[in-house]
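The primary structure of each chain is shown beneath.
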Amino acid sequence: MLLKKYISCGLIMLLTISVFAQETKKDINSLTRKDVLEMTIEELSDYNLEEMMKIMDIVGASSIEELYELLLNKDVTSASKSEESLFDSPLSTTVLSHEEITSSGATSIEEALRMVPGVIVREKTNGNYDVQIRGGQNMPMNNMLLYAENTTTLVMINGRPVFNYAMGGILWETLPVSLGEIDRIEVVRGPSSALYGPNAVNGVINLITKDIDSETPMVSANIQGGSQSTYIGDISLRKAFNDKVSAGLSYSFEHRERNTDKIYALKMDEFVDLETYQQNLENENWSSDNIFDFFDDPRLAKEKMGVNAYFNLQVNDKMKFNLSGGYIDAKANTSTIGDNPTPYNIRYGYSFYTNLNAEIYGFNIQANANIGTQDYCMGRNGWKHEAEHYTASIDYLLNLNKLSVRPGLSYQTVYQDDRKYTEGENQGYFNDKVNLENYAASLRFDYKPVNQIRLVAALRAEKYNIPDKWMPSYQFSASYKINENNLLRAVYSRANQSTFLLNAYSDYTWDRSEFSSSPSYVYFGSNEDPDMMIMDMFELGFRTRPSKRLLIDVEAFYNKSKDYSALMPDSMVTNVYNESYAIDPTSTLYTSYQTLDIEGTQLGISVSADVILSEKLIMKAHATFQKTTVDNFMDYSRDQIATLQGAEITSSITDAITNYYTTGTPPNAKYSSDTQPSSEEYKDDYDNEAIPSFWGSLSLSYKPIEKLEITAQSYYYGDYNIYTQYDNDADRVALSSLQYTGEMDGKFTLNAKVNYQLSDHINVYLNGRNILDNDKQEYIYMDKIGGIYLAGFNINF
């Protein structure tokens with residue numbers, strides 16, 4: 001309630017301020033080429049024919065169609081680290097502009113990514129998402145939900161990596177920036193470690209914040225609220241003091257609730273309240289946990305607050321400094337990344353960051369730090385850590401006629417420390433301050449022997465402390481510009497995943513001795529010399545502009561990946577006697593992070609199209625088809641292998657007891673088994689169905705009159721199946737008689753936003769997400785969310 005009061009006060013304050021905002025339409029004669037190129041088609045339609053003619057003169061366009069062409073082909077930097085036309089980009093690249101995101105009605109960065117070809121986005125709880133570029137996850141199948149998460153995409157903010165190195169992946173709720181601060185989102189699909197380092201395996205998502213110049217509104221705000229107690233907003237103050245110095249300050253908030261306070265109970269295969277869940281934990285001896293410790297507010301879906309500050313200094317044409325810093329406080333009720341009694345858990349964290357980008361006489365320098373505390377699973381001892389993340393890089397662009405060369409060096413180090421938050425000695429996963437670090441040298445060549453042909457090569461060598469080895473990554477691309485309207489391109493690249501701290505430093509014993517079932521203890525061990533996951537990709541692409549109003553992009557890709565790691569059983573040991581030689585059987589299961597023999601193959605194609613149907617109607621569409629198969633697949637879960645080992649030990653003890661009654665020879669004090677499924681049981685060409693075989697989006701933006709804009713956006717994905725350790729197949733050894741499957745139906749979602757421009761400075765809108773109220777679950781064991789309906793306003797002055 002207190003949050004709602006604060007938001008209400010903010011709404012009243014901003015509406016009051018907006019009343020006094022002076023309405024001054026931007027003079028057509030003051031527009032610069034930069035101003036025009038930053039416009040959207042919708043903004044361009046505000047001008048009459050005479051004004052359009054002047055705008056064409058400003059940018060040197062000879063026709064309205066050529067002006068549209070310029071606006072369709074936004075510049076992109078993430079694909080090559082150099083600003084270039086999107087049409088000429090050598091890689092599979094998409095740019096979402098701020099205006100495009102705002103028009104769509106997307107309420108979060110993750111939701112906005114549904115507009116990007118090849119990216120599949122599924123909602124878990126209100127505002128919490130699973131985001132995958134092309135897929136390839138759930139490796140290995142039949143394991144923890146963690147392995148269904150995306151751990152192979154690198155997300156950056158202005159080039160600063162925001163990756164979770166504790167156990168891999170992106171904690172989306174911890175991103176400090178809001179949609180209101182973002183100028184554009186650049187997405188590069190395909191392995192890109194050669195450009196950006198480890199974990200850019202499936203691609204890169206770079207969130208680029210707005211520049212501040214003399215045309216930037218001093219005050220801007222976007223606030224909306226509606227059903228499921230959803231309140232989202234951001235407020236920014238920005239000012240350019242002169243052509244050399246500018247600064248900005250932003251504040252954002254987000255509060256979302258679930259439409260239920262029930263959670264999914266795996267053992268019961270249904271949603272139940274916490275009281276029922278706890279009763280069954282106790283009656284059925286499922287777990288020793290107190291489920292109430294995991295959920296201080298089971299109805300909460302997401303709550304976050306972020307503050308960011310920006311300071312920019314341009315000393316001269318050759319020296320420029322951009323300094324930013326901020327704070328984020330976030331909580332999310334989403335899918336577990338551990339091995340917990342329920343597939344839900346609440347994550348909570350807060351952190352501070354600082355980031356410096358500098359251009360000094362041709363050198364590009366970046367240094368940043370992120371320091372904070374993250375609780376990966378509230379209520380579970382050992383999951384809360386202090387975290388530090390530092391990176392630094394420098395590169396230089398050398399232009400030699402038709403050849404450009406960009407050498408670079410970089411360094412990254414990550415720390416996690418759980419000692420402060422564990423109960424008792426050696427109760428954490430690390431029980432120490434642990435560290436991962438890597439050094440890298442890179443070299444990029446960009447060569448144009450003739451105007452139509454472009455050859456690009458990127459090479460990178462990475463030195464890790466764990467494992468203590470060098471890892472190469474590389475990327476080669478060739479493009480042939482048939483003419484101004486058609487481009488062919490081909491790419492081969494290799495990228496690698498890093499080791500994660502949990503894999504490298506785990507040293508934890510889980511005490512299960514109060515359970516009636518074996519084992520009494522489970523030990524989680526590390527692997528200090530693993531093979532790191534590698535992906536190789538071959539890609540062919542074709543971009544065409546058959547008319548000035550149509551842009552089509554086709555990309556066909558073939559991926560091969562190997563060296564996946566997972567927590568798997570090594571052996572089980574059973575002590576028949578205790579220290580006093582009294583019969584007191586206890587078992588310990590020893591597990592560690594092992595490199596598996598499985599290899600994944602993915603074949604797919606994405607098609608996208610941007611169409612200007614008229615000056616008032618724009619359509620964007622994309623579709624992706626893919627198939628992923630696995631070789632050397634061991635169709636056994638972690639728990640099923642443990643059952644095999646336990647069964648072998650039980651058989652040995654039974655034989656020993658029988659022998660005791662026959663010969664009088666007592667059983668041994670200790671029995672062990674390290675049995676594994678035989679190689680004959682491994683499978684090839686096995687379908688990995690964790691990603692649908694088809695997904696896509698279609699959006700229409702219509703502006704019937706100058707002040708009114710209506711946008712409709714649909715999103716669809718087909719059936720999929722995530723296999724976890726909770727699955728039970730009759731052909732395999734099972735731990736229980738129940739079967740829990742991850743079979744998920746396809747889903748169609750329709751969103752709509754109606755925006756009305758009250759004045760040059762004030763917009764009001766209605767925003768509907770999933771307006772058909774399709775409440776199918778989008779992710780295994782997660783919520784049935786349904787429609788969310790919002791109203792809001794935006795001000796700029």
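For clarity, every value in this text was computed on a predicted model and none was experimentally measured.

Explain the overall build of the protein chain to me, please; I cannot follow it from the model alone.
Each helix and strand in the protein chain was counted, giving 11 helices and 44 strands. For the protein chain, with 797 residues in total, the buried portion stands at 56%. Once local pairs closer than 6 in sequence are excluded, the contacts in the protein chain between residues at least 24 apart make up 66%. Carbon and sulfur atoms make up 54% of the accessible area of the protein chain, which totals about 32700 Å².

What exactly am I supposed to notice about a nonpolar patch on the surface here?
A cluster of nonpolar side chains, namely Tyr447, Val450, Ile453, Leu455, Tyr480, Ile482 and Leu488, defines an oily patch on the protein surface of about 560 Å² accessible area. Elements with a minimum of two residues in the nonpolar patch: strand E22 (433-450), strand E23 (453-464) and strand E24 (470-483). With respect to the helices and strands, Ile453 occurs in strand E23.

Looking at this structure, how should I read the pattern of salt bridges?
For side chains of opposite charge, pairing can occur when their charged atoms come near one another. As enumerated under the stated definition, the model contains 39 salt bridges in all. With a closest N to O distance of 3.3 Å, Glu388 and Lys433 form a salt bridge. Note that Glu388 is positioned in strand E19 (residues 384-396) and Lys433 in strand E22, a separation of 45 residues in sequence. Taking the relative accessible area as the measure of exposure, Lys433 reaches 39% and is therefore partly exposed.

In this structure, what is going on with the sheet that holds strand E3 (residues 92-97)? I would like to understand it.
Picture the strands of a sheet paired through backbone hydrogen bonds; they go either parallel or antiparallel. Pairing within the open sheet is mixed, and its five strands lie in the order E3-E8-E9-E6-E7. The sheet is open, and its two borders are formed by E3 and strand E7 (160-161), each paired with just one other strand. Across five bridges, the pairing between strand E6 (residues 153-157) and strand E9 (residues 203-209) is parallel. In the strand pairing of E9, Met156 is matched with Asn206.

Could you clarify how one ought to interpret the environment of Asp563 in this entry?
Within the secondary structure layout, Asp563 lies in the loop between strand E29 (550-562) and strand E30 (565-577). Residue class for Asp563 comes out buried when judged on its relative accessible area of 17%. Separated by 28 residues in sequence, Asp563 and Met535 place their C-alpha atoms 9.2 Å apart. Excluding residues that lie within four positions of it along the chain, Asp563 makes contacts with Asp531, Met532, Met533, Ile534, Thr595, Leu596 and Ile598.

Calculation criteria
All residue numbers refer to position in the chain's written sequence, counted from 1. Where totals are concerned, whole chains, interfaces and linings use all residues; where local detail is concerned, this predicted model gives features only for residues with pLDDT of at least 70, and gives and counts side-chain atom pairs only at 80 or more. For the side-chain quantities, the full set of heavy atoms in the structure was used; hydrogens and water were omitted. Secondary structure elements are taken from DSSP: a helix is a run of H or I of four residues or more, a strand is a run of E of two residues or more, and numbering for both begins at the N terminus. Three exposure classes are used, based on accessible area relative to the maximum for each residue type with a 1.4 Å probe and protein chains only: buried under 20%, partly exposed in between, and exposed over 50%. Between two residues, a contact is recorded if the distance between any of their heavy atoms is within 4.5 Å. Note on areas: these come from Shrake-Rupley sampling with a 1.4 Å probe, and a residue is covered only by the protein chains present in the view. Residues enter a patch when their relative accessible area is above 30% and they make no salt bridge; the linking distance is 9 Å between like charges and 5 Å between nonpolar side chains (Val, Leu, Ile, Met, Phe, Trp, Tyr). Salt bridges are defined by distance alone: a side-chain nitrogen of Lys or Arg within 4 Å of a carboxyl oxygen of Asp or Glu. Strand pairing requires that DSSP identify at least two bridges connecting the strands.

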